[in-house]
Amino acid sequence: VSGALDILTRTVRESRRLVWITGAGLSVASGIPSYRRGADAVWSRFVTDWGTRARFESDTLRWWRDFWLDFHDLAPEGVTPNPGHLALAHLVAARPDHLVITQNVDGLHRASGVPPRQLVEIHGRHGLYRCTSARCSGFRQPSEDIDLSGVSRGEIPRCERCGAKLRPLVLLFDERYDSHPFFRAEEAFEAVALADALVFVGTSFAVGITELALDVGRRHGIPILNVNVEPYAELHPASLSRPLGLVDVLGPAEDSLPDVAARLLG
Ligand SMILES: [Zn+2]
């Protein structure tokens, strides 16, 4: 492991355009459960079934009441960034050309002080809502302050500017990254295309941006690191071979990242 930490430390120090891609594994130590990992099949099916725009549109009230509010908006009390988030915030603040792309919607990178310019929340953020009408100014300007108390009485949350339905500002399973400007997909893809190293932290390599980034990284022959409790080969058994240059930095990110930050920043 110490050899891998050396490589990670050197990569962070020497890369001009490093892209960090973070996933659920990073927030486990903050008490946020990962829905994808360790969840039973019935639960996974429920989430992928209901976590779609198609369901939102066809059954909006139930979507809000029985799916979203019941399972998602129960913001766990006292959830705060863990040492992995904090170390990463220090590392990127010291390197203005480095970027964090996160799949997490928990807002913890932001809370840990990653400069907004260097943070792409590509799956959105819990607690933000937007209008569903692309013609409304409430489409682009999300709000955190909406009244959801009527949902239990059968009222669908509506935009106060235009009356259209409101929805959470998160990417649903049947949506594309370019479905909303908040996701900053173009900027993220461009950063990946120009990156001279990629560091994955706590991702399961199961969805969109991770696959795309791996593919780009492989084609460009740049260093690719996997900071994770499990090696890439176990996370991604479908792959026939490891991408060229992929290094596993095994162990919890809340240990590895502070280690790297201490070596680089003292
Ligand atoms: Zn509106």
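Shown above is the structure to which this text applies.
Residues numbered from 1 in each chain as written. Predicted model: local features only at pLDDT ≥ 70, side-chain atom pairs only at ≥ 80, totals over all residues. Heavy atoms only, no water.

### Section: the nonpolar core
Of all hydrophobic cores here, the largest spans 29 residues; its most connected members are Val19, Ile101, Ile122, Leu198, Phe200 and Leu214. Listing elements by their share of this core, those giving two or more residues are strand S1 (18–22), strand S2 (99–102), helix H8 (185–194), strand S6 (197–201), helix H9 (208–220) and helix H10 (232–235). Setting aside residues up to four positions removed in sequence, Val19 forms contacts with Leu99, Ile101, Ala191, Val192, Ala195, Ala197, Leu198 and Val199. By size, the runner-up hydrophobic cluster in this structure holds 25 residues, among which are Val12, Val227, Val249 and Leu257. (Core = buried A, V, L, I, M, F, W, Y, C linked by side-chain atoms within 4.5 Å. Buried < 20%, exposed > 50% of the residue type's maximum accessible area, 1.4 Å probe, protein only. Helix = DSSP H or I, 4+ residues; strand = E, 2+ residues; numbered from the N terminus. Contact = heavy atoms within 4.5 Å.)

### What to know about empty space enclosed by the protein
For the coordinates displayed, the defined rule picks out 1 cavity of 30 Å³ or more. There is about 40 Å³ of room inside the largest cavity. Around the largest cavity, the lining residues are Arg130, Arg167, Pro168, Leu169, Val170, Leu171, Glu175, Ser179, His180 and Phe183. The element that contributes the greatest number of residues to the lining of the largest cavity is strand S5 (residues 166–170), accounting for 4 residues. Grouping the constituent residues of the lining of the largest cavity by class yields 5 nonpolar, 2 polar and 3 charged. (1 Å grid on protein atoms, 1.4 Å probe; cavity = no way out; pocket = protein on both sides within 12 Å on 5 of 7 lines; lining within 4 Å. Points joined across faces, edges and corners; volume = space filled by probe spheres on them. Nonpolar A, V, L, I, M, F, W, Y, C, P; charged D, E, K, R; others polar.)

### Here's the deal with the coordination of the zinc ion
The textbook angles at a metal center are 109.5 degrees for a tetrahedron of four donors and 90 or 180 degrees for an octahedron of six. Taken together, Cys131 (SG), Cys136 (SG), Cys159 (SG) and Cys162 (SG) make up the protein donors of the zinc ion, found 2.2 to 2.4 Å from the metal. Its 4 donor atoms give the zinc ion angles of 97 to 114° at the centre, a pattern that matches the tetrahedral case. (Donors = N, O, S within 2.8 Å, 3.2 Å for Na, K, Ca; no water. Tetrahedral: all angles 85-135°; square planar, octahedral: opposite > 155°, others 65-115°.)

### Let's talk about the packing of aromatic side chains
Counted according to the given criterion, the structure contains 11 aromatic pairs. An angle of 75° between the planes, with centres 5.9 Å apart, marks the rings of Tyr177 and Phe189 as edge-to-face. Taken together, the residues span a long stretch of sequence, with Tyr177 in the loop between S5 and H8 and Phe189 in helix H8 at a distance of 12 residues. Judged by its relative accessible area of 14%, Tyr177 falls in the buried class. An aromatic cluster is present here, built from Phe46, Phe56, Trp63, Trp64, Phe67, Trp68 and Tyr129 joined pairwise through their rings. When the ring centre of Trp50 is taken as reference, the NZ or CZ atom of Arg55 above it lies at 4.3 Å. Across from the ring centre of Phe56, 5.8 Å away, lies the NZ or CZ of Lys165, which sits over that ring. (Phe/Tyr/Trp six-rings, centres within 6.5 Å; stacked < 30°, edge-to-face > 60°. Lys NZ or Arg CZ within 6 Å of the ring centre and 35° of its normal.)

### A closer look at helix H5 (residues 83–93)
Those residues of H5 that fall on the buried side of the exposure criterion are Gly84, His85, Ala87, Leu88, Ala89, Leu91 and Val92. At its buried positions, H5 is contacted by helix H1 (2–14), S1, S2, helix H6 (108–112) and helix H11 (253–265). Put simply, Asn82 is the residue that caps the front of H5, since its side-chain oxygen is 2.7 Å from the backbone nitrogen of Gly84. (Polar contact = N/O pair within 3.5 Å; in protein donor to acceptor, adjacent residues only side chain to side chain.)

### Structural notes on the sheet that holds strand S8 (residues 246–250)
Strand-to-strand pairing in sheets goes through backbone hydrogen bonds, with the strands running parallel or antiparallel. Here we have 6 strands laid out as an open sheet, ordered S3-S2-S1-S6-S7-S8, and parallel in their pairing. Looking at the sheet topology across the chains shown, the edges are occupied by strand S3 (119–121) and S8. Within the sheet, the average angular offset between the axes of one strand and its neighbour, ignoring direction, is 20°. Here H5 sits on the sheet and contacts S1 and S2; the angle it forms with S1, its principal contact strand, is near 160°. (Pairing = 2+ DSSP bridges. Axes fitted to C-alpha atoms, helices over the stretch in contact; angles between N-to-C directions.)

### Focus: the side chain of Ser15
Along the chain, Ser15 falls in the loop between H1 and S1. What makes Ser15 buried here is its relative accessible area of 6%. One polar contact links the side chain of Ser15 to the main-chain carbonyl oxygen of Thr11, over a distance of 2.6 Å. Ignoring any residue separated from it by four or fewer positions in sequence, one finds Ser15 in contact with Arg95, His98, Asp196 and Ala197.

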